[in-house]
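A closer look at the structure
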Amino acid sequence: MEITPEIAKKLELLNEKYQTMGQDMNSYLDGLLYMDYLKYWDYVHTDTLLSLQNPRTNFPDEKIFILYHQITELFFRLCLHEYEQIADKQNIDAEFLISKVRRIVHYFDGLNTTYGIMIDGMEKEQFLKFRMALLPASGFQSAQYRMIELYSTDLINLLNHEYATKHPAVKMLSAEHMFEHIYWKTGATELATGKKTLTLKQFEEKYSEQFLELSKKCSKGNVYARYNSLPEEDKSNPELIELLRALDANINVNWCLQHYKSAVRYLQGDPDIIAATGGTNWQKFLPPRFQKIIFFPELWTDEEKKEWGKSWVENLLNS
Ligand code: HEM
């Protein structure tokens, strides 16, 4: 084989690379010689991926339920990959924020257009049975969903609405105090007794410390804080504003509504399930018009905030 100038140049560069680290290029060339070719299935870990669906019953549709939750968690991972870069970026500018937020919006588009798999894709009779074998687990315990919320906005915008409006000095509260009143804790409190459900207790035991640490890191690194740190000229960039509004609507209205629709389809009027979810009132917890979680409140008009999720709910549920 002829050693062309191009190959000689590459060898020179390789040699430089290894020398810088005190390594011997020749040994690495031996490694190349013995190394096997990379295969798709090894790179993507297909076998591992396909071995992770372990239904707890024999109802075939339970597999759909597991797979779609896993697909959603992978989409959440894609989102968090972008959120982490937004939080860590030094000297952030509008262009960077636009490119990252656009990707997250895109990922949630993917979730919202496929969520029908959960609404129409399983037999209700099977769902109602296999669901009972999964208690007290719930998508409520998706840590990545909570991380997406913490990476999106200031902790104050995630507070239980009633609590936040009753406490005028809420801005002065510590992160620890605010975290105790984060909106989702009310979604897993028993209506009759006011006690935390087992679902919530177990979730807190595993993740509270990690969430609190993340919320402190995110006080400056969340998307809203990063947006607010931009110069006025960048803050009024119409493309950026449009994308942030799209992100808010995609997560806090569109996804929430699709999800609510699946709960209505399977759980409405089923007393066993209602009892089995620890007596929580999901009808009052899941619809966006009750929670009113808005990541970027200053980017919406008062009218839009007042109507949050309302017309969307009606359109969706009537369709
Ligand atoms: C047939 C499909 C589904 C039904 C019937 C359903 C039902 C519910 C219900 C009733 C709750 C309220 C908490 C509870 O009582 O457990 C809840 C919460 C939740 N579920 Fe689902 N779910 C479904 C699919 C999914 C999927 C695919 C995900 C994806 C990870 C998911 C993620 C969540 C999250 C993040 C919450 C908490 C919502 C919040 O705090 O605002 N769910 N779900």
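Preceding this section is the structure that the text describes.
First things first, this report covers the structure right here in the doc. All values derive from a computational prediction rather than experimental measurement.

Reading the values: rules and limits
- Residues numbered from 1 in each chain as written.
- Predicted model: local features only at pLDDT ≥ 70, side-chain atom pairs only at ≥ 80, totals over all residues.
- Heavy atoms only, no water.
- Helix = DSSP H or I, 4+ residues; strand = E, 2+ residues; numbered from the N terminus.
- Buried < 20%, exposed > 50% of the residue type's maximum accessible area, 1.4 Å probe, protein only.
- Contact = heavy atoms within 4.5 Å.
- Disulfide = S-S within 2.5 Å.
- Patch = residues over 30% accessible without salt bridge, like charges linked within 9 Å, V, L, I, M, F, W, Y side chains within 5 Å.
- Areas by Shrake-Rupley, 256 points an atom, 1.4 Å probe, with all protein chains shown as cover.
- Salt bridge = Lys/Arg side-chain N within 4 Å of Asp/Glu carboxyl O.
- Lys, Arg positive; Asp, Glu negative; His and termini not counted.
- Charge placed at Lys NZ, Arg CZ, Asp CG, Glu CD.
- Phe/Tyr/Trp six-rings, centres within 6.5 Å; stacked < 30°, edge-to-face > 60°.
- Lys NZ or Arg CZ within 6 Å of the ring centre and 35° of its normal.
- Near = heavy atom within 4 Å.
- Polar contact = N/O pair within 3.5 Å; in protein donor to acceptor, adjacent residues only side chain to side chain.
- Nonpolar A, V, L, I, M, F, W, Y, C, P; charged D, E, K, R; others polar.

As for the overall build of the protein chain
Along the protein chain, the regular secondary structure elements total 21 helices and zero strands. Taken over the C-alpha atoms alone, the protein chain extends approximately 80 × 55 × 40 Å along its principal axes. Counting over 319 residues, the protein chain shows a buried share of 41%. When contacts within the protein chain are restricted to residue pairs at least 6 apart in sequence, those whose partners lie at least 24 apart make up 72%.

Notes on the state of the cysteines
Applying the stated criterion to the full structure yields zero disulfides. This cysteine, C79, is not joined by any disulfide, and C256 carries the nearest cysteine sulfur, 13 Å off. Since its relative accessible area comes to 0%, C79 is described here as buried. For C256, a relative accessible area of 15% corresponds to the buried category.

A short note on helix α9 (residues 143-152)
Given 3.6 residues per turn, any residue in an α-helix points the same way as the ones three and four places further on. Where burial is concerned, most of α9 is hidden: 10 out of the 10 residues are buried. Those residues of α9 not exposed but buried are A143, Q144, Y145, R146, M147, I148, E149, L150, Y151 and S152. Packed against the buried residues of α9 are α5 (61-88), α6 (94-114), α12 (183-186), α13 (198-221), α14 (223-228) and α16 (238-267).

Some words on a positive patch on the surface
Together, K284, R289, K306 and K310 line one region of the surface with positive charge. By the secondary structure assignment, K284 is in helix α18 (residues 282-285).

Some remarks on the packing of aromatic side chains
As enumerated under the stated definition, the model contains 26 aromatic pairs in all. Seen from their ring centres, Y145 and W255 are 5.2 Å apart, and the 35 degrees between their planes marks the pair as tilted. Placement of Y145 in helix α9 and of W255 in helix α16 is noted, with a sequence separation of 110 residues between them. In terms of burial, Y145 and W255 fall into one category: buried. Here the aromatic residues F140, F179, Y183, W184, F203, Y207, F211 and F285 are joined through ring pairs into a cluster of three or more. Over the ring of F96 we find K89; its NZ or CZ atom is 4.8 Å from the centre of that ring. Stacked on the ring of W300, the Lys or Arg R245 has its end atom at 4.1 Å from the ring centre.

Digging into the site of the ligand
What surrounds the ligand is a group of 26 residues, the closest being H69, Y115, S138, R146 and H259. Separating an oxygen atom of the ligand from a side-chain N or O atom of S138 is a distance of 2.7 Å. One of the side-chain N or O atoms of H259 is found 2.8 Å from a nitrogen atom in the ligand. Of all elements in the fold, only α5, α9, α12, α16 and α18 reach the threshold of two or more residues within the shell around the ligand. Among the elements that line the shell around the ligand, the one with the most residues is α16, at six residues. Here the shell around the ligand is composed, by residue class, of 17 nonpolar, eight polar and one charged.

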